[in-house]
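Structure assessment
Here is what each chain is made of, one letter per residue.
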Amino acid sequence: MDQSEKYRTLMRCPVCFSRDTDVLMVPEAGGHHYCPKCSFNGEESEVRGMYRDIQKKFHWMTKRFTLEEQRKL
């Protein structure tokens with residue numbers, strides 16, 4: 001495996017990241033990724049799906065709501 005390819009496949013563990021801990025997952029053969037901290041094991045597509053769920057948590061973080069807008073929600 002080429003050194004640059006190895007670093008392209010590094011991913012952060014979505015389980016640990018949702019708990020505000022930043023842990024890199026270890027890539028395994030066949031597209032599997034393993035977290036050494038929480039033992040999460042999953043395919044790359046599953047991890048990316050969990051990333052999308054985590055992004056929903058921060059969706060409105062950059063928008064400032066007025067009190068009236070908050071009452072409408």
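Scope of this entry: the structure provided in the associated data block. (Residues numbered from 1 in each chain as written. Predicted model: local features only at pLDDT ≥ 70, side-chain atom pairs only at ≥ 80, totals over all residues. Heavy atoms only, no water.)

Some details on the overall build of the chain
Heads up, the rule is: By the criteria applied, helices consist of DSSP H or I runs no shorter than four residues and strands consist of E runs no shorter than two, each listed in order from the N terminus. Residue contacts are defined here by distance: any two heavy atoms, one from each residue, within 4.5 Å place the two residues in contact. Values of accessible area rely on a 1.4 Å probe in the Shrake-Rupley scheme; residue burial ignores everything except the protein chains shown.
Helices and strands together make up the secondary structure of the chain, namely 4 helices and 3 strands. Listing the helices and strands of the chain from first to last along the sequence gives α-α-β-β-β-α-α. Considering only residue pairs separated by 6 or more positions, the chain has 26% of its internal contacts joining residues 24 or more positions apart. A total of about 6,000 Å² of accessible surface is found on the chain, and carbon and sulfur atoms cover 52% of it.

Notes on the environment of G30
Using the following cut-off: Residue burial is assigned from relative accessible area. The probe radius is 1.4 Å, only protein chains are included, and a residue is buried under 20% of its type maximum, exposed over 50%, and partly exposed in between.
Topologically, G30 is positioned in the loop between strand 1 (26-27) and strand 2 (32-34). According to the relative accessible area criterion, G30 is exposed, its value standing at 66%. Here the alpha-carbon distance between G30 and E44, two residues 14 residues apart in the chain, equals 9.5 Å.

Digging into helix 3 (residues 44-57)
Here is the rule: Any helix carries an expected span of 1.5 Å times its number of residues minus one. Think of the arc as the fan of directions from the helix axis to the C-beta atoms.
A rise of 1.5 Å per residue sets the reference length of helix 3, with its 14 residues, at 20 Å; its end C-alpha atoms lie 21 Å apart and thus fit the reference within 8%. Buried within helix 3 are the following residues: V47, G49 and I54. Projected down its long axis, helix 3 shows its buried positions confined to an angular sector of 160 degrees, all on one face. Pointing more than 90 degrees away from the buried face of helix 3 are the exposed residues S45, R52, Q55 and K56.

Considerations on the pattern of salt bridges
Close approach of charged atoms allows side chains of opposite charge to pair. In plain terms, the rule: When a carboxyl oxygen of Asp or Glu is within 4 Å of a side-chain nitrogen of Lys or Arg, the pair counts as a salt bridge.
Throughout the structure, instances matching the rule amount to 3 salt bridges. Put simply, D53 and K56 hold a salt bridge, and the shortest N to O gap is 3.6 Å. Here the residue D53 and the residue K56 both occupy positions in helix 3, the gap between them amounting to 3 residues, near one helical turn. For D53, a relative accessible area of 48% corresponds to the partly exposed category. A relative accessible area of 61% places K56 in the exposed class.

Remarks on the packing of aromatic side chains
Going by this rule: Only Phe, Tyr and Trp rings take part, Trp by its six-membered ring, and two of them pair if their centres are within 6.5 Å. Stacked means planes under 30 degrees apart, edge-to-face means over 60, and tilted covers everything else. To sit over a ring, a charge needs its Lys NZ or Arg CZ within 6 Å of the ring centre and within 35 degrees of the ring normal.
One pass over the structure, following the stated rule, counts 1 aromatic pair. When the ring centre of F65 is taken as origin, the NZ or CZ atom of K63, which lies over that ring, is 5.1 Å away.

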